[in-house]
Amino acid sequence: MFSFDSGMQDSSSLEANPSSDIVEFQSLDPRIIQVWRIAGLIFCGVVLLISLVGVVIVSLKAPVTRPWIFVGWFLVAALLLWFCLTMPPRRYRNWGYRINDKVLETRSGKMFQVLRLLPLNRLQHVDLQRGPVERMFGLARLQLHTAGTHEATITIPGLAADVATQLRDRLVARGGKDAD
Amino acid sequence: MQTEIPPPSAPENRFTTLPVKLLEGRLHPLTLVVGLVSSLRRLIIPAIPILLFGNTFRWGGIGLFIVIIGGTLVSLLLRYLSFSYRIEGQELITREGLIERQERHIPLEKVHEIRIEQNLLHRIFDVVEAVVETAGAEGAEAKLSVLSRAEAERLREAVAARGEAKNLPVDAVETLAKPEREVIRTLGLRDLIWHGLTSNHLLSALAIMGALWAFADDVLPNSIYQQLGKFLKMAAGQMYQQGWRAAVMVALAGLAAVMILGLVVSVVGSVIKFYGFTLSRQGDELFRSYGLITRRASSLPRRRIQVLKIEEGMIRRWFGLVTLRADISGSKKEDEDDNTGRDVLMPVAKASELEHLVSVFFPQLAADPAEWKMVSRLAVQRSMVFAALLLCLAVAVLCFLTRSWLGIGLFLLLPALYWLSVKSYRNFGYALGAEFFRTRSGWLGRESYVVPIEKSQVIVVRQSPFDRWLNLASLQVDTAGQAYTGGSPNISNLPMAEALQVARTLARKASRASANF
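Reading guide: rules and limits
Residues numbered from 1 in each chain as written. Chains lettered and ligands numbered in written order. Predicted model: local features only at pLDDT ≥ 70, side-chain atom pairs only at ≥ 80, totals over all residues. Heavy atoms only, no water. Helix = DSSP H or I, 4+ residues; strand = E, 2+ residues; numbered from the N terminus. Buried < 20%, exposed > 50% of the residue type's maximum accessible area, 1.4 Å probe, protein only. Contact = heavy atoms within 4.5 Å. Salt bridge = Lys/Arg side-chain N within 4 Å of Asp/Glu carboxyl O. Domains from an automatic or database assignment. Core = buried A, V, L, I, M, F, W, Y, C linked by side-chain atoms within 4.5 Å. Buried area = accessible area lost by both parts, 1.4 Å probe. Polar contact = N/O pair within 3.5 Å; in protein donor to acceptor, adjacent residues only side chain to side chain. Nonpolar A, V, L, I, M, F, W, Y, C, P; charged D, E, K, R; others polar. 1 Å grid on protein atoms, 1.4 Å probe; cavity = no way out; pocket = protein on both sides within 12 Å on 5 of 7 lines; lining within 4 Å. Points joined across faces, edges and corners; volume = space filled by probe spheres on them. pLDDT = per-residue confidence, 0-100. Pairing = 2+ DSSP bridges. Axes fitted to C-alpha atoms, helices over the stretch in contact; angles between N-to-C directions. Disulfide = S-S within 2.5 Å. Phe/Tyr/Trp six-rings, centres within 6.5 Å; stacked < 30°, edge-to-face > 60°. Lys NZ or Arg CZ within 6 Å of the ring centre and 35° of its normal.

Time to look at the overall build of chain A. A count of helices and strands for chain A gives 5 helices and 6 strands. The N-to-C order of helical and strand elements in chain A reads α-α-α-β-β-β-β-α-β-β-α. Going through the 180 residues of chain A one by one, you find that 42% of them count as buried. Sequence separation of at least 24 residues holds for 52% of the intrachain contacts in chain A that already meet a minimum separation of 6.

Moving on: the pattern of salt bridges. Residue and element names in this part refer to chain A. Scanning all chains against the criterion turns up 30 salt bridges over all chains. The salt bridge involving Arg 31 is made with Asp 29; its shortest N-O contact spans 3.0 Å. A relative accessible area of 36% means that Arg 31 is categorised as partly exposed. Looking at Asp 29, the relative accessible area reads 16%, which means it is buried.

Moving on, we come to the domain arrangement of chain B. Segmentation of chain B into domains returns domain 1 (202-273), domain 2 (279-375 + 428-512) and domain 3 (378-424). Relative placement of domain 1 of chain B and domain 2 of chain B: their C-alpha centres are 41 Å apart.

A word on the nonpolar core. Counting 33 residues, the largest nonpolar core has Leu308(B), Leu324(B), Met346(B) and Phe361(B) as its most contacted members. Those residues in contact with Met346(B) that sit more than four places away from it in its chain are Arg185(B), Leu187(B), Phe277(B), Leu279(B), Thr323(B), Leu324(B) and Leu357(B).

Residue and element names in this part refer to chain A. The domains assigned to chain A are domain 1 (8-28 + 95-174) and domain 2 (33-91). Interface area for domain 1 against domain 2, summed over the two sides, is near 550 Å², with a carbon-plus-sulfur share of 82%. It is Trp 95, Val 133 and Phe 137 that lose the most area in domain 1 upon contact with domain 2, and together they represent 63% of the buried surface on that side. Counting across the domain 1 and domain 2 interface gives 0 salt bridges. Applying the counting criterion to the domain 1 and domain 2 interface returns 1 residue pair in polar contact (both at pLDDT 80 or more). Ranked by the residues each element gives to the side of domain 1 that touches domain 2, the list is headed by helix α4 (residues 132-136), at 3 residues. Of the residues that constitute the side of domain 1 that touches domain 2, the class distribution is 7 nonpolar, no polar and 1 charged.

Looking now at empty space enclosed by the protein. Residue and element names in this part refer to chain B. Evaluation of the coordinates by the stated rule reveals 5 cavities of 30 Å³ or more. In this model, the largest cavity occupies a volume close to 130 Å³. In terms of lining residues, the largest cavity is bounded by 12 residues, among which Arg 288, Leu 300, Ala 326, Arg 342 and Tyr 484 are the most central. It is strand β13 (residues 321-328) that provides the largest number of residues to the lining of the largest cavity, a total of 3 residues. Of the residues in the lining of the largest cavity, the class split is 6 nonpolar, 1 polar and 5 charged.

Here we take up the confidence of the model for chain B. All names here are of chain B. Here chain B averages 82 in pLDDT, while 86% of its residues score no lower than 70. Per-element mean pLDDT across chain B ranges from 43 in helix α1 (residues 14-17) up to 93 in strand β15 (residues 429-432). Low pLDDT, under 50, characterises residues 6-18; the stretch is placed with 12 contacts to residues that sit more than four places away or in other chains. Here residues 167-173 scores under 50 on pLDDT; set against residues more than four positions off or in separate chains, the count is 15 contacts.

Residue and element names in this part refer to chain B. With respect to topology, 6 strands assemble into an open sheet ordered β14-β13-β12-β17-β16-β15, the strand pairing being antiparallel. The two strands at the open ends of the sheet, each matched to only one other strand, are β14 (346-350) and β15. Strand-to-strand twist in this sheet, taken as the mean axis angle between neighbours without regard to direction, amounts to 20 degrees. With 3 bridges connecting them, β13 and β14 associate as antiparallel partners. Across the sheet, the residue bridging to Val 322 is Ala 349, located in β14.

Before going further, it helps to examine the confidence of the model for chain A. Residues and elements named next belong to chain A. Model confidence for chain A is summarised by a mean pLDDT of 83, while 84% of its residues fall at 70 or above. Looking across chain A, the model is least confident in helix α1 (residues 8-14), with a mean pLDDT of 40, and most confident in strand β3 (residues 113-119), with 93. Under a pLDDT of 50 for its full length, residues 7-20 has, in the predicted model, 23 contacts with residues more than four places off or in other chains.

As a further point, take the state of the cysteines. This structure, assessed with the given rule, holds 0 disulfides over all chains. The structure places no disulfide on Cys399(B), whose sulfur is separated from the nearest cysteine sulfur, that of Cys392(B), by 11 Å.

Let's shift gears to the pairing of β13(B). Residue and element names in this part refer to chain B. With 8 of 8 residues buried, β13 lies mostly within the body of the structure. Here β13 shows no split at all, with Leu 321, Thr 323, Arg 325 and Asp 327 on one side and Val 322, Leu 324, Ala 326 and Ile 328 on the other all buried. Pairing of strand β12 (residues 305-312) with β13, which is carried by 6 bridges, proceeds in the antiparallel orientation. Each bridged residue has a counterpart across the sheet, and for Val 307 the counterpart in β13 is Asp 327.

Another aspect to go through is the sheet that holds strand β9 (residues 278-282) of chain B. Residues and elements named next belong to chain B. Taken in spatial order, the 7 strands of this open sheet run β7-β6-β5-β11-β10-β9-β8, and their pairing is antiparallel. Each edge of the sheet is formed by a strand with only one pairing partner; in this case those strands are β7 (142-148) and β8 (181-186). With direction set aside, neighbouring strand axes in the sheet form an average angle of 20 degrees. Note: strand β6 (residues 127-134) against β7, 6 bridges, orientation antiparallel. Bridge assignment links Ala 130 to a residue of β7, and that residue is Leu 144.

On to the packing of aromatic side chains. Under the defined criterion, the tally for this structure stands at 10 aromatic pairs over all chains. Relative to Phe319(B), the ring of Trp194(B) has its centre 4.9 Å away and its plane inclined at 50 degrees; by these criteria the two rings are tilted. With Trp194(B) in helix α7 (residues 189-198) and Phe319(B) in the loop between α11 (314-318) and β13, this pair connects stretches of sequence that are 125 residues apart. Arranged with centres 5.4 Å apart and planes meeting at 85 degrees, the rings of Trp419(B) and Trp443(B) form a pair that is edge-to-face. You can see Trp419(B) sitting in helix α14 (residues 413-427) and its partner Trp443(B) sitting in the loop between β16 (436-441) and β17 (446-452), a full 24 residues away along the chain. Positioned over the ring face of Phe25(A) is Arg107(A), at 4.6 Å from the centre of the ring. Here Arg440(B) stacks its cationic end above the ring of Trp372(B), 4.4 Å away from the centre of that ring.

Below, the structure written as structure tokens:
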């Protein structure tokens, strides 16, 4: 089986430029797991509260359904919460990025794996963003914008704030060397 | 990304220190007349009922019109008096506004396309409207309405010359030998009739019928519906007596009538839209001009083409015809049913000329031979699994509905489906050259893309669970501007290792060339 891990050296050997390119995929900052969990829990909380209101209304209108509908709601709630708590570590394990002097690669997902390659001189501008939860954990995310159409923006979440700043500076220095 | 403009003290850059005015101009005086007539034209339809029927509001209505026309006239006058443009150094500068002044500087090298349009009204007065497009702006960057034809042509030439020779000092441009303009392809009436016949305009025929009905509905008295109802009832009664044959005949005749109407409408539409289509080239600049009633002309530098799409629809492919579409960076549809013909680079051409035409747009392509590679054979297996599942479902539903085992007969379709998927598998492929990436897909109707590798923006490899089961992946090359080509080249069912290798090669190659829209 092939995975996204292999290959940067494979293709570089084709290009007769082997030495400088062998870079391992970097993980995100592990604190992102907590950030994703909190974000997930907030989302779940909102969804569950709204659905709880619905459930209560239905159970008042039709008392016959009362036991079942609450059991159903609890099952869904448990499933959602379990999902919110267990998904972030898996997501973290599958997320990776690497950058050499020419190309930035990100990979993500397990069920639906996606690998994105960004030739660095295609970079138009870089945004560094920090939400409140991310700030609490000292994290930041980078948004890399190209002139593309459907895949114009690549986001790298969960970078330690200083790493994000360094990476941004490096990318900005490297990208956009071209005149147009 | 900003152009690096050297500081004013740099002595070698004469044209940045001493901006030379290449061209300076104002709108044509007929702007006033044309603007007034076109706003009157817009007022005519709402004016008729008020002038004819609205006894109580007649004078109020007329007063309102006078106010509107007066306002239009004043704003036209202000625009005419205040609008000026000039080319200075490397910029096109427009100025407008009397009270609130606005000056817009458009770097010439960012100008992607200059369109010159001449609708019926403009043709009466022999003036044109020039629209300057750049990558960034939503819509037009500058609209010069209206200019004399000679003036628009002068503007276009000046911009084209500066865009191409951006590194030359300004007076050198004037002496630069202008390459001859070479006509590449014109479309005659025959071509256009073919274009109309092969484009599927059944829907627009229906739309026209609907519009006619809506119009008739306004004009005709309501009693006509009662009479029509009576007539239909009578006709149905007669048909019932004559048996089902007559009914089928009538239905077929109706269908044929709609089809013929559709064909006529699309032929007429094609001729009106693309009459006198000419594609020509002058140096790097490509020109298109077409149109029977509204004449349109546009020029775009071919180096700005981001992606070229070769479309062979089901019907066109049958007759050996192709359509070419291209996107330049930042091309945007003006609205969804943009009917100006901007979306096609070449509305119709013979498949045999394809090689020549493509070489006009991408001259380096001929020198970049690349082997066409097929995707994984597993593609057939995969589509057969899907087809079989769908068939099973269809059979189950059919058997359940008819309460019989007849539905199983649907499985007879399997060999045909297999044949189809083998055919389409054989037509799937990609070619990775030194400078170009090409993909092709489809058998009944075929689509091929040509992307200059230096224009690719982001390369994406995706693997769905089903892909992973077969160890396949799909590859997508995203480019700037995909308004007319409808999405970027996307090739699925590649073996995973191959997809990764192609993606990385593309990214590496793209990273060498500097982006240049």
